[in-house]
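Here's the letter readout for the chains.
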Amino acid sequence: MWRKASRLVRETTSWKTRRQGQAEAPSAAVATIKPSTRTSTPIAHGLPIIITWSQLAIVAAVAVLLQCHVCQAAGRAPPEPYYGRYIGDFTNFAHGIKGQIYAVDESTLFVKSFAYDGTGPDAFFWVGKTPRPSPDGYIIPYPEEYTGMDPPILQAHNRTDIILRLPMGKRIKDIRWLSVWCRRFTVDFGEVFIPPNLDVPKPRVLPEFKRLAHGLRSSNISVLDAKTFYIPNLHYDGAGPDAYFWVGNGSEPNIMGIKVPNESGSLEPLRGYQGEDIEIQLPESLTVYDIDWLAVWCVEYRHNFGHVYIPRDLDVPPALGQTKITTTTTPRPVYSNCREILPNKLQIKWELQGEYLQVELFGRITEDQYMAFGLSGANGRAQMSQSDVVVAFYDTTTRVFRAEDYFISDLSQCDGQRGACPDERIGGRNDVIVLSGDRKNGVTSIRYKRLLQPNEAIYDAPIPTDREVSVIAAIGPLNARKEANAHSHTASDHNQDDIRINFSARNDHACQSSLYDVKDESGPRPWPTRKIEGVRKFRASIGPTGGKRGYTSITGVPSWGIAWYVNDLLIPEITVERGLTYEFIIEGGNDPSQPARYHPFYITDSPEGGLGQKMGLEARKQKAYAGVEYDEDGNAIPTGGGRYCEWEHQTIDRSAEIDTFEEYMKTLVFKCEDGEPGYLNWTVPTNAPDQLYYQCFTHNNLGWKINVVDMGSSGGSKVSSHQFSFYGIFTVFSLVATSLPFFGHVLA
């Protein structure tokens with residue numbers, strides 16, 4: 001009864017009115033009540049409803065309570081604009097420092113309207129836990145993504161809105177101040193202090209979808225910020241004819257809702273999901289404070305397949321673009337069509353989606369190259385001239401993936417009228433919609449969609465779905481305008497043969513393997529992977545990655561210049577036995593204020609590592625088996641620290657010219673900072689999985705595999721204790737060489 005009454009009241013209240021706290025009472029017919037023990041009110045079809053005075057009083061009381069309930073609901077939304085929990089304004093000491101600071105979540109700060117003249121020689125955003133800003137702090141890198149070992153020096157800003165993420169797994173509760181600090185001259189340009197016991201907004205975990213129809217189910221859904229839902233392990237059979245993610249008000253999902261775009265940003269009816277992890281965002285200005293439920297709803301048949309309620313006591317982070325969730329347990333979408341147009345260089349996957357063709361290009365290209373795909377300029381042969389293509393690439397300037405609509409009138413540079421031109425430069429429109437992009441392991445993938453029947457007859461050709469059509473594809477360099485640079489094509493960078501595709505086909509899958517599996521044949525021959533078996537004691541220190549012969553060729557993953565050396569071997573595969581205890585001597589650094597020399601060692605099931613960088617749901621996706629403890633709040637604390645020791649180049653990196661790792665080691669010298677190594681004893685659990693990894697807690701991709709076998713199954717030592725002793729002696733000589741110039745000269 002309460003839910004039905006609540007629904008009547010709330011469904012007649014608009015979201016905007018409800019958000020502003022100006023709820024209006026639903027209209028009702030005015031009836032004259034005669035002095036009687038009963039009263040009747042006429043309704044449709046002439047049927048009377050008879051109520052007693054006591055029942056009327058109850059209904060009136062319920063209406064008053066519900067009206068208060070609605071008014072209070074409007075107050076649950078924070079005031080707009082919402083940037084998080086206000087901390088304070090910068091106090092300026094030099095260089096015009098200005099800005100208002102907010103706590104977005106446990107590890108993110110937002111600086112509103114930041115100003116700085118940019119003339120400090122060595123200035124950074126700087127945080128610490130001393131009573132006042134001091135050299136005993138550490139950098140918050142900005143921009144967050146950068147190349148090289150060291151963060152960039154802070155540039156000039158004029159009322160810039162900035163998002164700062166605390167590094168190395170730090171949280172706002174771990175710091176006492178934020179400063180703009182000149183490291184060279186130890187000068188504080190401006191500061192703000194963090195209030196003690198600051199209660200920051202946090203993501204909220206909800207129940208799973210209620211299971212009502214079409215196999216809809218999920219794991220616990222999370223509200224990541226004011227606009228973003230994270231739905232893990234989503235299952236749905238896709239059979240609903242007109243189903244969407246759907247949000248609205250009331251005690252139950254109903255027709256007065258709003259569509260929410262899917263994880264690709266599309267408002268097409270939902271496809272099927274098979275255990276995928278997805279992220280969806282509320283449209284336009286709508287936030288989680290405006291809604292009562294999230295559902296999967298069939299509009300045509302007005303049917304609820306399942307839903308979850310939104311709590312009224314939310315205090316989640318604002319939606320400022322800080323949320324980054326891109327994980328999924330299965331590829332999405334699942335394409336049944338794939339063609340490899342350029343062998344080992346370019347693949348295309350596609351599917352029809354209503355009036356659109358959705359395409360995903362996979363190319364082994366560099367960041368200064370593009371990949372192009374489209375309709376050939378002449379049916380029956382591969383012809384660039386007069387072709388209608390999409391040029392896709394990663395824009396290193398704006399740091400976004402782009403896909404541009406092109407018309408190639410001539411094989412020449414675009415002059416604004418003719419040549420290989422974006423449609424927008426010659427008076428047309430870019431009708432291509434970018435859906436997603438990724439770049440890893442040397443492969444760039446960009447997913448986009450375009451209309452089958454274009455709105456532009458001059459530069460865009462219709463895509464037939466009733467027959468095969470000749471296609472053209474190419475890769476090549478970008479020019480300074482970030483446009484396809486006209487160049488002489490070779491047989492390997494465009495298709496010379498006539499390739500035809502029927503875009504309405506199903507299971508046209510001619511790709512034999514993934515481009516991610518293609519080995520880079522250019523450059524020097526890689527060193528073979530080292531393996532350690534039958535050893536119970538290990539020493540882990542830091543060293544160079546060995547260029548193209550080393551880390552990347554072994555793992556298939558880009559490195560950032562350093563990696564773990566275990567028993568003086570570059571990322572060897574280690575074999576351990578369940579139930580046995582192993583000792584690790586750790587020399588990866590123990591000073592968090594020096595991020596480049598702070599690499600706590602830990603053992604995990606993640607091939608990437610970097611647990612200290614992960615937050616919330618992302619952190620819970622990996623399990624730590626050793627080297628990590630958890631505090632009372634569930635935060636991961638590294639325990640695998642020790643003095644910093646590193647194999648360094650005596651001169652320059654000579655890996656490209658040295659054929660063997662043993663010879664390469666002779667070009668390195670071993671150096672240690674003062675202090676003691678750390679020690680980690682690990683008894684391998686009897687239920688440990690067959691594959692684990694040794695990694696760095698604070699950075700991704702420094703380690704490699706641990707093969708776990710049953711007791712007594714390891715096949716003897718590939719690197720024996722005698723070899724370990726030999727490397728230990730070699731290390732001692734290296735240390736002596738760094739201390740004594742005479743020995744250094746002799747050993748060199």
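Our subject is the structure that appears above.
Residue numbers run consecutively from 1 along every chain, following the written order of its sequence. Where totals are concerned, whole chains, interfaces and linings use all residues; where local detail is concerned, this predicted model gives features only for residues with pLDDT of at least 70, and gives and counts side-chain atom pairs only at 80 or more. Only hydrogens and water are set aside; all other atoms, that is, all heavy atoms of the structure, feed into the side-chain values.

Re the environment of A156
Argument step 1. Secondary structure is summarised from DSSP: a helix means a run of H or I of at least four residues, a strand means a run of E of at least two, and numbering begins at the N terminus for each. Here A156 lies in the loop between β8 (138-140) and β9 (157-165).
Argument step 2. Overall, A156 belongs to the partly exposed group, its relative accessible area being 48%.
Argument step 3. Along the primary structure A156 and T119 are separated by 37 residues, whereas in three dimensions their C-alpha atoms are 7.4 Å apart.
Argument step 4. Should any heavy atoms of two residues lie within 4.5 Å, those residues are considered in contact. Not counting residues within four places of it along the chain, the set of residues in contact with A156 comprises Y116, D117 and G118. Burial classes follow relative accessibility: with a 1.4 Å probe on protein chains only, a residue under 20% of its type's maximum area counts as buried, one over 50% as exposed, and anything between as partly exposed.

A look at the pairing of strand β35 (residues 573-577)
Argument step 1. Here β35 lies mainly inside the structure; 5 of its 5 residues are buried.
Argument step 2. Neither face of β35 is left uncovered, since the one carrying E573, T575 and E577 and the one carrying I574 and V576 both have all their residues buried.
Argument step 3. DSSP calls a pair of strands paired once it identifies at least 2 bridges connecting them. Of the pairings in the sheet, the one linking strand β31 (residues 531-532) to β35 comprises 2 bridges and is parallel in character. Bridge pairing in β35 links K531 to E573.
Argument step 4. Here 4 bridges tie β35 to strand β45 (residues 705-709), and the two strands are oriented parallel to one another. Looking at the pairing, E577 lines up with V709 of β45.

Describing the pairing of strand β32 (residues 537-544)
Two faces make up the sheet, and in a regular strand the side chains alternate between them.
Argument step 1. Buried residues dominate β32, accounting for 7 of its 8 residues.
Argument step 2. With 5 bridges connecting them, β32 and strand β36 (residues 581-589) associate as parallel partners. Of the residues in β36, the one forming a bridge with A540 is I586.
Argument step 3. Bridge count between β32 and strand β33 (residues 562-566): 5 bridges; the pairing is antiparallel. Note that in β33 the partner of P544 across the bridge is I562.

Side note on the packing of aromatic side chains
Argument step 1. When the centres of two rings from Phe, Tyr and Trp lie within 6.5 Å, Trp using its six-membered ring, the rings pair. Their planes under 30 degrees apart give stacked, over 60 give edge-to-face, and anything left gives tilted. Per the counting criterion, the structure on display carries 29 aromatic pairs.
Argument step 2. Measuring from ring centre to ring centre gives 6.2 Å for F601 and Y694, while their planes differ by 15°; the resulting arrangement is stacked. With a gap of 93 residues between them, F601 in strand β37 (residues 601-604) and Y694 in strand β44 (residues 691-696) connect regions that are remote in the sequence. Comparing F601 with Y694, the two get one shared label, buried.
Argument step 3. Each member of the aromatic cluster is reached from another via a ring pair, and the members are F538, W564, Y582, F584, F601 and Y694.
Argument step 4. Charges are assigned to positions over rings by a cutoff of 6 Å between ring centre and Lys NZ or Arg CZ, combined with an angular limit of 35 degrees from the ring normal. The ring of F362 has K349 lying over it, and the distance from NZ or CZ to the ring centre is 4.9 Å.
Argument step 5. Positioned above the aromatic ring of Y356 is the side chain of K449, whose terminal nitrogen or guanidinium carbon lies 4.3 Å from the ring centre.

Shape descriptors only; they carry no functional weight alone.
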